Amino acid sequence: MPGTNPRELGLLADCESCFGLCCVALPFAASADFAVDKKAGEPCRNLRDDFRCSIHAELRERGFPGCTVYDCFGAGQKVSQVTFQGTSWRQAPGTAGEMYAIFPVVRQLHELLWYLAEALTLEAARPVHAELQGAFDATERLTRESPDALKELDVPAHRAEVNVLLLRTSELVRAGRKGKERRGADLIGAKLSGADLRGANLRGAYLIGADLRGADLRESDLIGADLRGADLSGADLSGALFLTQPQLNAATGDAATRLPAALTRPAHWPATRYERPSRGTGPRRDPGSARGTASARGTGSDSSRTSGSGRRSGRGSGRRRRG
């Protein structure tokens, strides 16, 4: 459908047009995801004067795998070039605090725009397309408000309104599938290899470290599902609803994992293919392959509260920058 392409809508990060906001505005703590502590508003020690990452090509090797997971959905360039009209926090230090406060707000709005844009491509959701378009337009207008207006914006309230439409979209797409109802379920480490999860409601489910090798996740609702460390090798996610790049980046998969067209295969996934086991045998990979890991956090949360606000205690950067 015309007018819903993420790149055309500015929902893909353009780090060349950003002032390294995710490397400054957001905090992180020393952990498996980040090698050091960093306070909110403090520039990362790896941020160069030109706003590029000095270790971009070695983030995982240098102890910053969390940086490869985060994605701003294009909020960085919106705040940098639209809200603050191309004037960086280095050029105008007096605006720095305001810029850092606004960035997470616009990031949440852009994540909602991602979900709404996807919903508008779904034929089954045509009965609510007019309402979805209205919500998209209203959300886009909010991202272009003044700094003062953005600081005062009640994002949870707006997100709750949008979530009603996203829920309706999910119900329309999954109608007749009789998929499993696992919304918000604790499936940490669950053994779901080869599982038929087509049309399942997995909104906000905890799938941390779950074995989803060869699982069928088509038409499943994955908004806010926590996929940190989940093994998606050989899984079919084509047509999965409301899946985002940060969720994929936090998981592991392989060359056989099928993805929605709008998403890309993470660079850290192994190139080997999952081999579906014969009856009576356990799942295995091709000879010589190794199971990948992911320590970074996923984004988005659902439960009954939100449509995707972020479930993380720190942050990564996930930005594709030239080193």
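For the structure itself, look to the data block above.
Report on the accompanying structure. Note that the structure is a prediction, hence the values are computed from the model and not measured. (Residues numbered from 1 in each chain as written. Predicted model: local features only at pLDDT ≥ 70, side-chain atom pairs only at ≥ 80, totals over all residues. Heavy atoms only, no water.)

1. Remarks on the nonpolar core
Spelled out, the test is: By nonpolar core is meant a set of buried Ala, Val, Leu, Ile, Met, Phe, Trp, Tyr and Cys residues that side-chain atoms within 4.5 Å join together. Throughout, exposure labels follow a simple rule: accessible area from a 1.4 Å probe, protein chains only, divided by the maximum for the residue type, with under 20% read as buried, over 50% as exposed, and the rest as partly exposed. Only DSSP runs of H or I reaching four residues or more are called helices, and only runs of E reaching two or more are called strands; each is numbered from the N terminus. Residue contacts are counted whenever heavy atoms from the two residues lie within 4.5 Å of one another.
Counting residues in each nonpolar core, the largest one holds 52 residues, and the members touching the most others are Leu132, Leu207, Leu212, Leu232 and Leu237. Those elements that place two or more of their residues in this core are helix H2 (96-119), helix H3 (129-143) and helix H5 (155-174). Among the elements that line this core, the one with the most residues is H2, at 7 residues. If we skip the residues at most four places from it in the chain, Leu237 touches Leu217, Leu222, Leu232, Leu243, Thr257, Arg258, Leu259 and Pro260. In this structure, Ala25, Cys44, Cys53 and Leu59 belong to the second largest nonpolar core, which totals 36 residues.

2. Overview of the layout of surface pockets
Stated formally: A cavity, in this analysis, means grid points on a 1 Å lattice covering only the protein atoms where a 1.4 Å probe fits yet has no way out; a pocket is instead an open set bounded by protein on both sides within 12 Å along at least five of seven lines, and a residue lines either one if it has an atom within 4 Å of a point. Grid points are joined across faces, edges and corners, and a volume is the space filled by probe spheres set on the points.
By volume, the second largest pocket is sized at about 340 Å³. Glu118, Thr121, Pro260, Ala261 and Ala262 are, among the 16 residues lining the second largest pocket, the residues nearest its centre.

3. Things to note about the pattern of salt bridges
Pairs can form between side chains of opposite charge once their charged atoms are near each other. Inclusion rule: Salt bridge, as used here, is a side-chain nitrogen of Lys or Arg placed within 4 Å of a carboxyl oxygen of Asp or Glu.
In total, this model carries 19 salt bridges according to the counting rule given. With a closest N to O distance of 2.7 Å, Asp211 and Arg213 form a salt bridge. One exposure class covers both Asp211 and Arg213, and it is buried. What emerges from the salt-bridge pattern is a single network uniting Glu16, Arg48, Asp50 and Arg52.

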